[in-house]
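Working through the structure, step by step
Spelled out, the chains give:
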Amino acid sequence: MFNLHYPLTFECNGIKAIKILFITLALFGANVSFGQTRRNDHSLATDKFLQSFVAPPDSAKSRVYWFWIYNRVTKEGIARDLKEFKAKGISGVNLICNGGYAGKEPLLGVDFLGEEWRALFRYAVKEANRLHIELGFNLAGGWTFMGPSVTKDDAMKKVVWAEVKVDGGSKFIGKLPLPEQVQGYYHDIMVQAFRVLDDGKTFDQASVTDITNKLLPDGSIEWNVPAGKWVILRSGYTLTGHPWSKWKAYPEGDTFKGGEGYEIDYLSKRALDNYFNYLGKTVIAEAKKAGGHIDYLWSDSWECGKLTWTQDFLTQFKKFRGYDLKPFMPVLAGYVADSPEISERFKEDFDRTIQDCIAENCYGHFAELCHKNGMKVGSEAGGPNDIPPIDVLKNFSTQDIVAGEFWVNGHRNAPGGYNQNRMSRLNLKQTASAAHVYGKKQAEAEAFTEQEHNATHWTLGPSDLKPYANDAFCEGINRLMLHSATSQPPSDGKPGYEYCAGTHFTPNVTWWEESKPFFNYLNRCQFMLQQGRFAADVCYYLGERPPLLAPPKYNIPTLGPGFDCDYANSDVLLNRMSVKNGLVTLPDGMNYKMLVLQNCVSPVPEIAKQVGSYQSLRIPEQASKSMSLPVIEKIRKLVYDGATIVGPPPENAGELKNYSETDIKVKKIAAELWGDLDGRTVTERKVGKGRIIWGKTEREVLTEDGVTPDFEFAGQPDKPNDFDYIHRSAKDAEIFFVINRTNQKQSREFTFRVKGKIPEIWDAVTGKAFDATEYALNNGVVTIPLEFDSFGSLFIVFRKAVTAHNNTLSHKNFPVIKQQQELVGSWNVSFDPKWGGPANGEFAELKSWTDNTDEGIKYYSGTATYRKTFDLSTITKENAISINKKIILDLGDVKNVAKVKLNGKNLGVLWCTPWQVDITGAVKDRGNILEIEVTNLWANRVVHDLSLPVDKRLTKTHESFRFDMLNAKTPLLESGLLGPVWVKTK
């Protein structure tokens, strides 16, 4: 539970505490102030919550994927990486060994699990533990559970068939055809015979006969066929044959030599046990030898396709579904059992069993194994693509770390400054919902992954990444796993050999030394978004029809903007939901004003299509009309206890077991609850302490109940996607995170559903916080004028009760900034000759390095220093004399990071808009010496080097790039100080 007296994250005793406090105060004071002292800037020394915001604890800091590509690592590289991660504000590494490589030829490394590798692994464990860096280990030589130890018997399998059609009234003597064999692997399940009707597809279930005992080893069979048209069906299982179901060494696949092998059978506990005993126990033992430990084991994203069988699937089916699968085997081969409805019920039961096996036998059992060995467990248990039917929320229920992922593909030349396509963040809301409904404080995401032609490596700076992080935070993510950092031996040079997908976060990137403010921003956001609980008005019930997936965040037509929601499955509904004070409540304190029986992933065709195409699954947008007996019985209890339930009544029980009985019971309870509701003229009915509503939208219900939107802004009905938000509710504070999703500066009025509390404005870029002085209170809401820079963000925090306040909105929460003096004329610019630039040069005007005719500048990557001497103009001095006026230096635009020094005083690092720094304490009337160190990205130099012979190149990296993700024709990126540079006052 959130507490304003949040414990300090550093030692609070003696000289060390005093030193840390002064350092933190210096950090706090160095950032740009919002303006006048009458705005009541908060004191860092007395506000412990603010202290933790400015300098978050490790639990709120980002983790990073730490790739050992080809296991090409050295102690020097390991030590450097971990030390630098710690220094820059990254609190954990997730070690992944694989061969997913950016170049076209494999690299040489140590043998995986060989003695050299084990020694390096022990060293990494020891260093991580010494530095108090959290260490996770991805249990594979790739992404998910795979490798040379996995036998075909333990690999992913599918059910296959072959058939013979025969006429009855005679003896059949012959050889049954062998079903599909993948890689020479096949085992029989059973041989059945059944009578088919005249249409040739419908079979008489009563006729199904097991004749497996008549099958001889050579495949021949003798059987007296009764009268009628019959099919002899031979069912068996083989390997799935999916391209990613068996990993190959690079360049054919994405692992290293010696890491090749099958993915395990994710339906089988035995397969996981065998795998864990081989690899899991090995790394656990090595960590113990190092005198340290692994904090968690990891299973990365599912990208290995579908599976439909395991050796004991018949037993698993009976366990989960309660009836025998055998009589329905012909349905799997495409036949219809008596009626299409029965067949559809069976097929859903079949898929449900796959879901249950994956949730229980894979992710649940993986958690048991990790916990038994004193470790946490984490996974990307929801995809991200080409998955079998799964109940993602249930998969996450047993995981300590729940994770999705988001990509930054499509950034270059994207309309509006960044790619807003939901496809790049498809499973973030799903991951966050899993965390919320299963009581997990953190929802993680693999962050900033990129892999596309002409744009993948070293092409995005921190300001480019910011809008994607902001979107992820508003989806509910509150901790990032940065993707990624390749461990690179320092002897490899710069930028070094990289993993096949970006973005890259290593000491080798050009802006690494200036990276801490960017990581500070992420960490501050993560700290705030881990406080309290997510605030949502609505919970959508996804139903029971496979697959159970939640959609990305979007403006739900029936809910509209300004309200937020979660998604729940039947497991949560049955085992975690109750009613308290009229609210649908979960054990960890989450609550909702209503439960909506959505019964599908999304009723919006576009959303359902996006989710389905990404996962290679059919996702119907029509709501299921089925509801199992246990679920409707729980719905009845919730209503009688006081819940508001919105949605139509079910028409049947869905499941096949005892369906003739359960259908009747479901309809009876539905009639009891919905009564005379018809969804048109009669739409609401009181039942017990609660109510059933059918025919009204969620927004209509909330409005009629007097519930205003949680978040509103001027212009929201016309352009709801200009801004987004997320709300966390804590014991002593309401916390709203608001983002500008446009690349334009915006000034709007925003309204928050908070009663009688003073709004505070907290900026995660600077660490500054102040009370708003301009706001209006009205009928349980607070309206505040706010200003946002391009892709800006703010936390609006409500902690203190209002005593007396004048409801005026004159838009003075932010100081008026006035341009006073443009720094025109030439600039002296020095580059590093080591990287091909001139040691000294003059720029007559500010422009991109790529527009320069000097190739040493045009293709330069690294840091260049701009120098100019200037005097303050008379008008600037006159306008700065006013009390509390500050003098600001505005750099205009920068590609990509700037470090500002004035008159020998370091004024900090700028990495995003506004590119402004307070120079009040450093500037003088005359003879100001201004130095601006500007750092761009590696891409331009690497692109140019690709057009040169290898021995003429300045960079040391791949001779050519896989999939042409960078090549000699890749467009160059704007670089340098672009300006215009102004001196301003505020």
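Only a predicted model underlies this, so the values are computations on that prediction, with no experimental measurement involved.

Calculation rules
Residues numbered from 1 in each chain as written. Predicted model: local features only at pLDDT ≥ 70, side-chain atom pairs only at ≥ 80, totals over all residues. Heavy atoms only, no water. Pairing = 2+ DSSP bridges. Helix = DSSP H or I, 4+ residues; strand = E, 2+ residues; numbered from the N terminus. Contact = heavy atoms within 4.5 Å. Axes fitted to C-alpha atoms, helices over the stretch in contact; angles between N-to-C directions. Salt bridge = Lys/Arg side-chain N within 4 Å of Asp/Glu carboxyl O. Buried < 20%, exposed > 50% of the residue type's maximum accessible area, 1.4 Å probe, protein only. Phe/Tyr/Trp six-rings, centres within 6.5 Å; stacked < 30°, edge-to-face > 60°. Lys NZ or Arg CZ within 6 Å of the ring centre and 35° of its normal.

**A short note on the sheet that holds strand 34 (residues 757-763)**
With antiparallel pairing, the six strands of this open sheet are ordered in space as 20-31-32-38-34-35. At either end of the open sheet lies a strand with only one pairing partner, and these are strand 20 (533-534) and strand 35 (768-771). Helix 12 (residues 516-529) contacts strand 31 (723-729), strand 32 (734-740), strand 34 and strand 38 (793-801) of the sheet and is inclined by roughly 40° relative to strand 38.

**Notes on the sheet that holds strand 13 (residues 261-263)**
With respect to topology, three strands assemble into an open sheet ordered 4-13-12, the strand pairing being antiparallel. This sheet does not close on itself; its edge strands, each paired only once, are strand 4 (146-147) and strand 12 (246-247). As defined by bridge partners, strand 4 adjoins strand 13 across two bridges and the pair is classed as antiparallel. Bridge pairing in strand 13 links Met-146 to Glu-263.

**A short note on the pattern of salt bridges**
Charged atoms that come close allow side chains of opposite charge to pair. Tallying each qualifying case throughout the model produces 52 salt bridges. Between Arg-72 and Asp-492 there is a salt bridge, with its nearest N and O atoms 2.8 Å apart. Here the residue Arg-72 occupies a position in the loop between strand 1 (62-69) and helix 3 (75-88), and Asp-492 occupies one in the loop between strand 19 (479-486) and helix 12, the gap between them amounting to 420 residues. Overall, the relative accessible area of 23% leaves Arg-72 in the partly exposed class. A salt bridge links Arg-753 to Asp-537; the shortest N-O distance between them is 2.8 Å. Highlighted residues: Arg-753 in the loop between strand 33 (746-752) and strand 34 and Asp-537 in the loop between strand 20 and strand 21 (538-541), separated in sequence by 216 residues. Residue Arg-753 is classed as partly exposed on the basis of its relative accessible area of 21%.

**Here's the deal with the packing of aromatic side chains**
How two aromatic rings sit relative to each other is set out by the distance from centre to centre and by the angle between their planes. Overall, the coordinates contain 74 aromatic pairs when judged by the stated rule. Centre to centre, the rings of Trp-244 and Trp-247 are 5.1 Å apart; their planes meet at 70°, and the pair counts as edge-to-face. Trp-244 sits in the partly exposed class, given a relative accessible area of 27%. Assessed through its relative accessible area of 2%, Trp-247 is described here as buried. Through successive ring pairs, a cluster of aromatic residues spans Phe-85, Phe-406, Phe-448, Phe-505, Trp-511, Trp-512, Phe-518, Phe-519, Tyr-521 and Trp-911. For Lys-466, the ring lying beneath its charged end belongs to Tyr-521, and the centroid distance is 5.2 Å. Residue placement shows Lys-553 over the ring face of Tyr-725; its charged tip is 5.4 Å from the ring centre.

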